Amino acid sequence: MTRLPQSAQLTACPVCHEPLDPADNFCGGCGADLSAAASAAVSPGGTAGDPRRTARHLEPDAHRPAPPGTPSVPGQTALPPTGASGTPGPSDMSGTSGASGTSGATGTAGPTGPTDRRRVCGACRSGMIDDDGYCEHCGHAQPRERDHMEHETPGVAAVSDRGLRHHRNEDAFAVSTTTQPDGGPAVLAVVCDGVSSAARSDEASTAASAGALASLEAALAAGTPPREATHRAILDAARAVDALAPSGHRAREHRHHQQENAPACTIVSAVITGELLTVGWVGDSRAYWVPDDRAAQPARLTEDDSWAAQMVAAGLLSETEAYADERAHAITGWLGADAYEVEPHTAAFQPDRPGVVIVCTDGLWNYAETAERMAAVVPSDARRRPLETARRLVGYALDGGGHDNVTVAVLPFPARSAEPGAA
């Protein structure tokens, strides 16, 4: 997720001189913390010169499939909603995330942190890995289990990847299939994107996705209508993120107090119940509808809480002008103790044909922004192969530059009841 540019923005890493983007908090070449690198680079005792902090590590590309061809970008259309409102667990640390839900499997991206089990370095095979994830002998950064995660359960699959430019993965997802009181299935997906200018944003996205999924499962199992359950789940997620703020925390403006402000993230969710599709969101993570029949119109189902969206809605700028501005992706809504009053957005749809719902962070949609372009990069067999589709979409973003963390969930509509494939 991008943010407003800060004063004295670095254009190149002071440690390895790798070119930087305005949104980079860590160097993509050496992993240096850019919030401290400038001052550390001129200090003989600075940590930026520590070889433990300058060793580069990127995940092998074996899991990154080749993207489909680059499509054209026609104009965007909207799927008419049945209505829209502008108002209002434990993490698995394996590479393929998953946990047991109340009545279905869930997949949640968990935080990376110290471990009680010492590991041998995968680079030199002799040193041990410290709590920060670096080899005590050769200084190489080790792959973290959150760098790439996949999960599939009947009716939904999700994949999350650190990307090529960020030092860690601050996205998270949670997916599940549960049962309603009438015995019908409910397929759920929650995707969250940690705000880069916030402290512990990886914890925020994990808390929000897990909290929202638990809330949705409980509400739907109790017979709560999906729209109401979605609204309630976003507020529950907001409370979970608020609880991460230190005691006595005072609200701060993110772009002026990086790493001093409260953990924060965006959220988007999708729920499929029978013939009804319900989405909810705060921030700029999105949901798209892509029909199997590519002659039919796809649609973007959410509207961003962002500077660009505000400018377009107010008629002050065209969409092209707004999204060309460096402030375009500065968000105006998020979850966290520094947020203004959280106002969940919800909408319900009744698609009249089979298709898939794509729920994703801006790490994907930055490379396929319009509904038509998203539809063009979604494989034609997406409804039959949701996990492979999610992998291909992540690969498409990585091959496009991978400038941000990338997370996508794919939900076939109507809901599948088949057994999941290997995750």
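Not measured: the values here are computed from a predicted model.

The rules behind the values
Residues numbered from 1 in each chain as written. Predicted model: local features only at pLDDT ≥ 70, side-chain atom pairs only at ≥ 80, totals over all residues. Heavy atoms only, no water. Phe/Tyr/Trp six-rings, centres within 6.5 Å; stacked < 30°, edge-to-face > 60°. Helix = DSSP H or I, 4+ residues; strand = E, 2+ residues; numbered from the N terminus. Buried < 20%, exposed > 50% of the residue type's maximum accessible area, 1.4 Å probe, protein only. Lys NZ or Arg CZ within 6 Å of the ring centre and 35° of its normal. Expected span 1.5 Å × (residues − 1). Contact = heavy atoms within 4.5 Å. Core = buried A, V, L, I, M, F, W, Y, C linked by side-chain atoms within 4.5 Å. Pairing = 2+ DSSP bridges. Axes fitted to C-alpha atoms, helices over the stretch in contact; angles between N-to-C directions. Disulfide = S-S within 2.5 Å. Polar contact = N/O pair within 3.5 Å; in protein donor to acceptor, adjacent residues only side chain to side chain. Salt bridge = Lys/Arg side-chain N within 4 Å of Asp/Glu carboxyl O.

(A) Examining the packing of aromatic side chains more closely. Under the definition given, this model contains two aromatic pairs. Measuring from ring centre to ring centre gives 5.8 Å for W289 and F413, while their planes differ by 85°; the resulting arrangement is edge-to-face. Here W289, found in strand β10 (residues 286-291), pairs with F413, found in strand β15 (residues 406-413); they are 124 residues apart in sequence, far enough to count as distant. Just as W289 is buried, F413 falls in that class too. The interplanar angle of 55° and the centroid separation of 6.2 Å between the aromatic rings of W334 and Y340 together place this pair among those described as tilted. The buried category is assigned to W334, whose relative accessible area is 12%. On the basis of relative accessible area, Y340 is assigned to the exposed category, the value being 66%. In this structure, R286 packs its charged tip against the face of W365, placed 3.4 Å from the ring centre.

(B) Here's a closer look at helix α3 (residues 201-221). Spanning 21 residues, α3 covers 30 Å between terminal C-alpha atoms, matching the ideal 30 Å at 1.5 Å per step. Counting buried residues in α3 gives 16 out of 21 residues, a clear majority hidden from the surface. Where α3 terminates, the next one or two residues include G223, which has phi positive at roughly 90°.

(C) Inspection of helix α4 (residues 226-242) at higher detail. In this model α4 runs 24 Å from its N-terminal to its C-terminal C-alpha over 17 residues, within 8% of the 24 Å that 1.5 Å per residue would give. Looking at α4, one finds that the buried residues are P226, A229, T230, H231, A233, I234, A237, A238 and V241. Looking at the buried positions of α4, the neighbouring elements they touch are α3, β8 (264-273), β9 (276-282), β12 (335-336) and β13 (345-349).

(D) Structural detail: the nonpolar core. Counting residues in each nonpolar core, the largest one holds 27 residues, and the members touching the most others are I358, L364, M374, V378 and V408. Elements represented by at least two residues in this core include exactly β5 (156-161), β10, β14 (355-360), α7 (362-365), α8 (371-377), α9 (386-399) and β15. With seven residues, α9 is the single largest residue contributor to this core. In this structure V408 touches A157, A158, V159, I358, V359, C360, L364, A390, L393 and V394, once residues within four positions along its chain are discounted. Counting 26 residues, the second largest nonpolar core, distinct from the first, contains V190, A229, A237 and L244.

(E) The arrangement of the sheet that holds strand β11 (residues 299-300) in detail. Pairing in this open sheet of six strands is antiparallel, and the strands run β4-β5-β15-β14-β10-β11 from one edge to the other. In the strand order of this sheet, the two ends are held by β4 (148-153) and β11, each with one partner. Looking at chain direction, β10 and β14 are connected through six bridges and run antiparallel. Of the residues in β14, the one forming a bridge with P291 is G355. Contacting β4, β5, β14 and β15, α9 crosses the sheet at an angle of about 145° to β15.

(F) Broad picture of the state of the cysteines. Per the stated rule, a full pass over the model turns up zero disulfides. The thiol sulfur of C135 is not disulfide-bonded, and the nearest other cysteine sulfur, from C138, lies at 3.6 Å. Overall, the relative accessible area of 0% leaves C135 in the buried class. Of the residues examined, C138 reaches a relative accessible area of 29% and is grouped as partly exposed.

(G) Broad picture of the side chain of T346. Secondary-structure assignment places T346 in strand β13. Among the polar contacts made by the side chain of T346, one reaches the side chain of R227 at a distance of 2.7 Å.

(H) Expanded view of unusual backbone geometry. Between F413 and P414 the backbone carries a cis peptide bond, its omega angle lying at -5°. On the secondary structure map, P414 appears in the segment after β15. Residues other than glycine seldom take positive phi values, yet R200 does so here, at roughly 50°. By the element assignment, R200 lies in the loop between β7 (185-194) and α3.

(I) Seen up close, the pattern of salt bridges. Scanning all chains against the criterion turns up 16 salt bridges. For the salt bridge of R286 with E369, the shortest nitrogen-to-oxygen distance reads 3.9 Å. Note that R286 is positioned in strand β10 and E369 in the loop between α7 and α8, a separation of 83 residues in sequence. Take E369: its relative accessible area is 22%, and that puts it in the partly exposed class. A salt bridge links D352 to R353, with the nearest nitrogen and oxygen atoms 2.9 Å apart. Exposure remark for D352: the relative accessible area of 66% places this residue in the exposed category. Several salt bridges share partner residues, and in doing so they unite E150, E388 and R391 into one network.

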